[in-house]
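Residues per chain, in single letters:
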Amino acid sequence: MATRLSDLFSNSRLLIGLLVNLLSSICIVLINKWIYVHYGFPNMTLTLIHFVVTWLGLWVCQKMDIFAPKSLQPTKILWLALSFCGFVAFTNLSLQNNTIGTYQLAKAMTTPVIIVIQTLYYKKNFSTKIKLTLVPITLGVILNSYYDVRFNVLGMVFATLGVFVTSLYQVWVGAKQHELQVNSMQLLYYQAPMSSAFLLTLVPFFEPISGDGGIFGPWSFPALAMVMLSGLIAFLVNLSIYWIIGNTSAVTYNMFGHFKFCITLLGGYVLFQDPLSLNQGLGVICTLTGIVSYTHFKLAEQEEGKSRLVQRP
């Protein structure tokens, strides 16, 4: 009986963790889009609030012994903190200036760019099957962008910069975790306040301080409530990703990611009446096929590598 209760409690915690990640990952995109469309809240300031709330949330987590902070030299994570600013700011600008469909599909280009960076600069080899999955991913993004009736050059510039900086950030995060022997929460605990400090110095040069659209402008209570809710959800996204990977597997997280991808696209079409042509729909299917194939082949290769290690005498 005790074992059954323990299993039930464990499964319930897993279900709650997956549900929190699902809702927070979808809500952060839809709420941010809502803030940009209906309130016109300044982008960099919203990003700064996300960083501050994330750091405060992590501070509470370490006080509750959810993780143990590790002392790091600021110079060791300087470029990582700068790239963190760039990747969040540019992806938010992409969301602000593109439809949710284009925003989501552009993010899918992160995988091909990471592979290019790791191949050229880290001399990492990838199998032919992995490389071939990049064809439908890229083709789908091109199809969607070409037939997007709300296509705009500025939005695609921000999307391109977002993909490039995000790819650099993800590559550097993996390298720094290995180099400094820290987990993602320990790294983010030091990285978030540094990124906040960088953005704090830049915001006055790029966004108004007072008046309409300013940081200290006459914002309504609903606008401020949505902004604070966005910050809280951003923290929940980071925390739930870490928890799911730590308590399930890469397979669960990646398969769950495909489901979130589809739901977020659907939410954009329903809430913001984003137009969807037949050719754009084909682009979505094409990209999703490539993502699923990439995940399948990547995980199969990882399992094969583990099997070889086990079989060694």
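Calculation criteria
- Residues numbered from 1 in each chain as written.
- Predicted model: local features only at pLDDT ≥ 70, side-chain atom pairs only at ≥ 80, totals over all residues.
- Heavy atoms only, no water.
- UniProt positions renumbered as here; feature names shortened; annotations may be inferred.
- Helix = DSSP H or I, 4+ residues; strand = E, 2+ residues; numbered from the N terminus.
- Buried < 20%, exposed > 50% of the residue type's maximum accessible area, 1.4 Å probe, protein only.
- Contact = heavy atoms within 4.5 Å.
- Areas by Shrake-Rupley, 256 points an atom, 1.4 Å probe, with all protein chains shown as cover.

The chain is annotated in an unreviewed UniProt entry as Sugar phosphate transporter domain-containing protein of Umbra pygmaea. Recorded in UniProt for the chain, the comment headed Function (unreviewed entry) runs: "Putative transporter." Under Subcellular location (unreviewed entry), UniProt gives the following word-for-word description of the chain: "Membrane".

(A) The arrangement of the overall build of the chain in detail. Each helix and strand counted, the chain has eleven helices and zero strands in total. Counting from the amino terminus, the chain carries its helices and strands in the arrangement α-α-α-α-α-α-α-α-α-α-α. Here the chain holds 313 residues, and the buried ones make up 46% of them. Sequence separation of at least 24 residues holds for 86% of the intrachain contacts in the chain that already meet a minimum separation of 6. Counting every atom, the chain has about 16,800 Å² of accessible surface; 69% of that belongs to carbon and sulfur.

(B) Spotlight on unusual backbone geometry. One non-glycine residue, glutamine 181, lies in the positive phi region at around 55°. Judged by its relative accessible area of 55%, glutamine 181 falls in the exposed class.

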